[in-house]
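Notes for the structure review
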Amino acid sequence: MKPSSRKEEMPLSFRKKNRKMRRIDDKEFDIPQVDTPPTLESILNETDDEEESFILEDPSLLNVDNIDTHSYDTSSLASSDSGDRTHLKRKKKLPDSFSVHGSVIRLSLLKGISAQIVSAADKVDAGLPTAIAASSLIAVGTSHGLALIFGKDPNQALRLCLGSTAVGAQYGAISALSINNDCSRLLCGFAKGQITMWDLASGKLLRSITDAHPPGTAILHIKFTDDPTLAICNDSGGSVFELSFKRVMGVRTCESRCLFSGSKGEVCCIEPLHAKTELRDHPITQYSLLAMASLTKILVIGLKPSLKVWMTFPYGRMDPSSVPLLAWHFVAVQNSVNPMLAFCRGDVVHFLLVKRDDSGAIHVTKQKQLHLHYDLINFTWINSRTVVLLDSVEKLHVIDRQTQEELETIEISEVQLVYNSSHFKSLATGGNVSQALALVGEKACYQSISSCGGQIFYLGTKSVHVTTLRNWRERVDHLLKQDSLTEALALAWSFHEGKAKAVVGLSGDPSKRKAVIADRMVEILFHYADRTLKKCPDQGKIQVMEQHFQDMVPVIVDYCLLLQRTDLLFGQIYDKLSENSVAKGIFLECLEPYILSDKLRGMTAQVMKDLLLHYQDNNLMEDMEACIVHMDITSLDLQQIVLLCWENHLYDAMIYVYNSGMNDFISPMEKLFKVIAPPLNAGKSLTDEKVVMGNKLLVYISCCLAGRAYPLGDIPEDLVPLVKNQVFEFLIRLHSAEASADEEVYPYVRTLLHFDTREFLNVLALTFEDFKNDKQAVEYQQRIVDILLKVMVENSDFTPSQVGCLFTFLARQLAKPNNTLFVNRTLFDQVLEFLCSPDDDSRHSERQQVLLELLQAGGIVQFEENRLIPMAEKAEFYQICEFMYEREHLYDKIIDCYLRDPVRKEEVFNYIHNILSMPGYSAEEKQSVWQKAMKHAEELLLLSPSKAADLIATHFNDQIEGIIKNLQDQFLLFQFLRSLLDPREGINQEMLQISPCVTEQFIELLCHYSPDEVLETLQILDFYRLEETIQITQKYLLHEASSYLLEKKGDVQGAFQVMLEQLRSKLLKLTREAEESTEPHLLKDIEETLVKTIALCQRNSHSLNQQQREALWFPLLEAMMSPQKLSSSTVFSQYSESLKSLTMQVLNNMAAFIALPSILQRILQDPVYGRGKLGEIQGLVLGMLDTFNYEQTLLETTTNLLNHDLHWSLCNLRASITRGLNPKQDYCCICLQQYKRRQETADEIIVFSCGHLYHSLCLLSKECGIETKGQTRWTCYKCNSSNKGGKPNENFSELKKGNAASVAQSSSESLLDSQQIQAFDQLCRLYRGTSRLALLTELSQTRGGEKHGLLNVAQGDPALNSVFQNKNFQLHLTPPPLLDE
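Report follows, based on the coordinates. As the structure is a prediction and not an experimental result, all values here were calculated from the model. (Residues numbered from 1 in each chain as written. Predicted model: local features only at pLDDT ≥ 70, side-chain atom pairs only at ≥ 80, totals over all residues. Heavy atoms only, no water.)

1. Describing the packing of aromatic side chains
This structure, assessed with the given rule, holds 26 aromatic pairs. Arranged with centres 5.6 Å apart and planes meeting at 45 degrees, the rings of Phe-673 and Phe-730 form a pair that is tilted. Taken together, the positions of Phe-673 in helix α20 (residues 667-681) and Phe-730 in helix α22 (residues 720-731) put the pair 57 residues apart, joining distant regions of the chain. When the centroid spacing of 6.4 Å and the interplanar angle of 20 degrees are considered together, the rings of Phe-974 and Phe-1002 count as stacked. With Phe-974 in helix α37 (residues 970-981) and Phe-1002 in helix α38 (residues 996-1009), this residue pair connects regions lying 28 residues apart in the sequence. (Phe/Tyr/Trp six-rings, centres within 6.5 Å; stacked < 30°, edge-to-face > 60°. Helix = DSSP H or I, 4+ residues; strand = E, 2+ residues; numbered from the N terminus.)

Following this line, the structure appears as structure tokens:
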């Protein structure tokens, strides 16, 4: 909803003493304080704004998208929403909530009362029931004026029959009923306006009130307040009256006071605030609050101590046929109990929490709204947490107020609910009500529904029904009766966890409540287990039986574990399910997820045995292993499990059983070593399975040394030191337990080193990190290192990589600041000799990488540097050399390393660039690198000309010419210059400082090595001299390149002659070789040359005069026609058609620049054609004439279209300017007086096209008129005052003025005002492009001059300014758009 724009209509509250307004809730509504409170009369006189929103919303209260308020069906009946068209636009329904909450309410027929209502209608002519009121008694009003009083006892006996049909004939039907708090008095309102009061103890008529409200209106509502002497009534005129009952001198009287007049807005619903006996002392009850709902707003007023309006809310937009609803209830919010008002009209329920502060003022807080997808006709609180809604298609919806979740939906069309439409239409008094009230009354059922003590009574045409909340046990039992055991368990568990909604019957200590519910759930579980076995299909596929148990058994396991009743699960229930072998198997498999998530660690020995046996029988070994490592297996036969795991390769499970079952951490290692050691010692490769075993062994050793259990968890803290010592002692054993005579020493370390050297050393490194620096730890470290050296250095069966890993490991350990290890330095020298041995060329890169890792890990301190570099150079370990030179900052020598290393040659360019450009290097270091790079310039160019050129351009710009002179290899020089000078190579040409002669040298090399690229390259190069370059291209006979340069120089005739000579030579070649039938591609070559020549002529014809143009085009035409005149060979005829086509192409292009008569005259003056051989040129002439006819037709058509377009635009513009003006009002916008009232002779009426009307004298007073040439030009005062900066508009409005009798036009000349100019601009924008006037002018000049084509170009420069030559020229030939008149 949008925030309200009229703050004076927002809810208001008052201070009690000084009558000043208070804010309802400053943060909520942000309402400013008002000096004087509104009276009831002022509120009634307010105009209702339908556009106004309901209330300022707190954004935090509007986020209800995730609230489930959708309806659900509890039966198979089809939804009756289809009967209400408004439901078509509602949200889609969500799945049924019955399975979540069960049946929340019970709808029952009161058979005794229903039967007696029907009986009374038959026997005493009581008529149909019309109204109901419930307290400790139930009162039912009838259409013949009787009130039937029933007890709530089981017999539902008729206690009293009040009134008579005779009175009913006079008063009409009972339209409203109300019983007071102590159930001693009954108020009856009648359709003809009378009110009666009865004593419910004696059945005596106490009062008959006929003058409490205007006659001729029906009583819609009558309500007792908590004060038994005060009641409120609401009639069909929309008025509300307060009835005060008094007894003076034994005489009962009734005083009436009007609270709300129906003439100011009709009230159709009232609701006084009732407090239960225990809340009678609540401070807010002293105000006797009354909520009233009119057709446009909600009002809450206080009747005591004096009448006061506390708040008013407008509805905003809503359906006029929807019924306004009000309902009070005391709710607990933030540890305090306060009344909450729910009000609704349509499909949104608003909740207002009403509080009283210490000063006596009332504050209202807006709570979260309830957005529904159906229209309501009744809203009832059944308790402080739960509400029952009735929608327009007679469906009950039970809603939890706090979560706004819909708990249940019930169809109650069977009730045949009584509607109060006739009373709202006041049919008994002639139907004198407003149409709006009658429309609301179509769905009104206020008097048919009454609530009391958690019960809601619904009055039907022949029955009374009651709804009550079921208690928790009844809700569970209801699901059980429907055989919904899974839903019953889910509901019972929600009661157990305190998450259920609308709970009744559970109170007291939470632990006792849980115990009661748990006992009930156990009963259900036993029943569920029996039913599971009973419902099992006896025959059919085994899969069907398995599916049945998979659906049922997990539910039992779930709830037994949730209730922590494993004794029940593995006792009676397991015994029951074991009767069926399929059920037993499914049961055992159901335990797996709980075991894996450690929710189920303890099981009986029998169940554990059965579980393992089941997995073994079904070959589910991986699942069994996953379960074993999570189970407490101490109660099982451990040796049997170990054997089972070993046979099935379940190594994780085997290790776990040894560790947790026997506290044995060494035996699993011995068993694994026995398998993987023999093939490794024999030099054989391992199978995949043994690789897996080896990896598990490494991880297991790592876990033991780190104090972690394998495969998960931690070793008990008291065992950690013992386990570490045991594992170390095991690893460093000299021989294994069952050693053979030829076994080498330290078999376990040797086996692990052979299996995966790097990973084993990583395990040791991690272990060394965790060691405390005590004496025993130091001894263990040193001992391990000595054994590693003895095993690896004294044996030749380890690869360089493995040896390198060991020494890298040692170097890292030795480099630690708190190092206590000792390693003989000569061992490192031996390793260096081993890695750099020149007699072994194998594994060169591997050996280099190992040595590099060793140095980087800190091993550099173990070597003599003056010995290391020569050995590395000798072994061609250039990365080692680079590492050493880097330490000594000898960066220039690193360039040699790169150039000599075949693998990393290309990286030298980046290295040089980084050294020369990055900070962090001294000037001397950069200079040495610069000099080294210059020294090896030619070598760098040979390596990569493009990268070398980029490097030279960046860092050696001033040395380029010297480098060029020193280069002897011409092709290498060509590659270098192309990379350097060609812009396509990416080098920025502006930063190069080179002379033009270098560029010309490059062009000459390009002519030599790649002549096809010369022309393209010349077009993108900049720094070269034209004369010298022309000489180069002519030297290499590159005619097209020469022509391009001559044209660039400005010698158009010279460029043309080069191309013409080229064309003639090719044509001559064609005529000579036509007889020999050679050169099939020559014709295509001629066509390409001709196209280029024509393009040259076209480019330059614009800037030449007529004589110069003819000097270009006519020789070209002559060149193309001459072969046709000379050759008469029959062989040549195969090319004649092609040549004629090419000649026609020349003529067509000439026609745009040379006058047609000149072309014809030149052809006819030819000596050959002049002698009467016109037949040969007939095709050429006819082709030219066809082109001329086409262009002339195109010109005339275009001109006609433009003329028609311009005519249409001007007609529309004229019509809009001469259209009559319609004033927006009949008064002057300055003096605000009607134009007829002023009768001054000099005064005229001025009307502007914007619709504003003025007196001319008023405009003159505002300086909005200017005298020009004897005429006054006016501007609109209002429009111009709103312009930017308040400056008067220079565009004067078209006006029509006259005297008071008529508004006539004052002048024949019309001027455009600002709005008309804007309209004209809009019209112009429809045709973006050149103006029509410019087009027509250009075309008329064309037609007046020489008619040799559409694009005629006048002689001289003006042709360049032609609109047709503009590159943005666009011709719009689409029909003009239709504009509204």
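2. Details of the pattern of salt bridges
This structure, assessed with the given rule, holds 32 salt bridges. Across the salt bridge formed by Arg-520 and Asp-477, the nearest N and O atoms sit 2.6 Å from each other. Placement of Arg-520 in helix α11 (residues 510-534) and of Asp-477 in helix α9 (residues 472-481) is noted, with a sequence separation of 43 residues between them. Close ionic contact of Arg-904 with Asp-901 constitutes a salt bridge, the shortest N to O distance being 3.2 Å. Here Arg-904 and Asp-901 have matching classes, each one buried. Sharing partners across several salt bridges, the network here consists of Arg-106, Arg-470 and Glu-474. (Salt bridge = Lys/Arg side-chain N within 4 Å of Asp/Glu carboxyl O. Buried < 20%, exposed > 50% of the residue type's maximum accessible area, 1.4 Å probe, protein only.)

3. Some words on the nonpolar core
One broad rule of soluble globular proteins: the nonpolar side chains tend to lie buried together. Formed by 248 residues in total, the largest nonpolar core has its most connected members in Phe-587, Leu-591, Met-603, Leu-788, Phe-807, Phe-976 and Leu-1116. With ten residues, helix α12 (residues 542-562) is the single largest residue contributor to this core. Counting 73 residues, the second-largest nonpolar core is a separate cluster that includes Leu-220, Trp-310, Val-349 and Val-433. (Core = buried A, V, L, I, M, F, W, Y, C linked by side-chain atoms within 4.5 Å.)

4. Regarding the packing of helix α23 (residues 747-755) against helix α25 (residues 775-793)
Helices that pack against each other are described as a pair by the angle of their axes relative to one another and the distance between those axes. Viewed as axis vectors pointing N to C, α23 and α25 meet at an angle of 65 degrees, and their least axial separation amounts to 10 Å. As for the relative orientation of α23 and α25, their crossing is right-handed in sense. For the pair α23 and α25, the contacting residues are Val-749, Arg-750 and Leu-753 in the first and Ile-787, Leu-788, Val-791 and Met-792 in the second. Class assignment for the residues of the contact of α23 with α25 results in six nonpolar, no polar and one charged. (Axes fitted to C-alpha atoms, helices over the stretch in contact; angles between N-to-C directions. Left-handed = near helix turned anticlockwise from the far one by under 90°. Contact = heavy atoms within 4.5 Å. Nonpolar A, V, L, I, M, F, W, Y, C, P; charged D, E, K, R; others polar.)

5. Some remarks on unusual backbone geometry
Along the chain, Lys-304 connects to Pro-305 via a cis peptide bond; the corresponding omega equals -15 degrees. Tracing the backbone through its elements, the reader meets Pro-305 in the loop between β18 (297-302) and β19 (308-314). That bond from Tyr-710 to Pro-711 is cis: its omega, 5 degrees, falls within 30 degrees of zero. Examined against the element boundaries, Pro-711 turns out to sit in the loop between α21 (688-706) and α22. Of note, the phi angle at Gln-404 is positive, near 60 degrees, even though the residue is not glycine. Positionally, Gln-404 belongs in the loop between β27 (395-400) and β28 (406-411). By relative accessible area, which is 3% here, Gln-404 ends up buried. Here Asn-663, not a glycine, exhibits a phi torsion of approximately 55 degrees, which is positive.

6. Some thoughts on helix α24 (residues 757-770)
Residues separated by three or four positions in an α-helix point in the same direction, a consequence of the helix having 3.6 residues per turn. The first and last C-alpha atoms of α24 sit 20 Å apart over 14 residues, in line with the 20 Å expected at 1.5 Å per residue. On its buried side, α24 packs onto α21, α22, α23, α25 and α26 (800-814). (Expected span 1.5 Å × (residues − 1).)

7. Remarks on the packing of helix α29 (residues 865-874) against helix α30 (residues 878-887)
Running from amino to carboxyl end, α29 crosses α30 at an angle of 145 degrees, the nearest separation of the two axes being 9 Å. Along this stretch, α29 crosses α30, giving a crossing that reads as left-handed. Judged by residue contacts, Glu-865, Leu-868, Ile-869, Ala-872 and Glu-873 of α29 engage Ile-880, Cys-881, Met-884, Tyr-885 and Arg-887 from α30. A per-class count over the contact of α29 with α30 returns seven nonpolar, no polar and three charged.

8. Comments concerning the pairing of strand β14 (residues 240-248)
The pairing of strand β13 (residues 230-235) with β14 spans five bridges and is classified as antiparallel. Within β14, the position partnered with Cys-233 by the bridge is Phe-241. In sequence, β13 turns back onto β14 through a hairpin of four residues, with Gly-238 there showing a positive phi of about 90 degrees. Note: β14 against strand β15 (residues 251-260), nine bridges, orientation antiparallel. Following the sheet pairing, Val-240 is matched in β15 by Phe-260. Hairpin connection of β14 to β15: two residues between the antiparallel strands, including Met-249 at a positive phi of 55 degrees. (Pairing = 2+ DSSP bridges.)

9. Regarding the sheet that holds strand β10 (residues 195-199)
Taken in spatial order, the four strands line up as β8-β9-β10-β11 in an open sheet, and their pairing is antiparallel. Looking at strand neighbours, the two that pair on one side only are β8 (174-179) and β11 (204-209), the edges of this open sheet. Strand-to-strand twist of the sheet, defined as the mean angle between neighbouring strand axes without regard to direction, takes the value 20 degrees. When β10 meets β11, the two strands line up antiparallel, connected through five bridges. When the sheet's bridge partners are listed, Ile-195 is paired in β11 with Ile-209.

10. A word on the state of the cysteines
A full pass over the atoms with the stated rule returns zero disulfides. Free of any disulfide, Cys-452 has its nearest neighbouring cysteine sulfur in Cys-183, separated by 8.3 Å. With no disulfide of its own, Cys-1250 lies closest to Cys-1279 among cysteine sulfurs, the gap being 3.5 Å. (Disulfide = S-S within 2.5 Å.)

11. Notes on the environment of Tyr-921
Mapped onto the elements of the fold, Tyr-921 is located in the loop between α32 (908-917) and α33 (923-935). For Tyr-921, a relative accessible area of 25% translates into the label partly exposed. Separated by 30 residues in the primary sequence, Tyr-921 and Tyr-891 have C-alpha atoms spaced 9.7 Å apart. Contacts of Tyr-921, omitting those with residues within four sequence positions, involve Tyr-891, Asn-914, Ile-915 and Lys-926.

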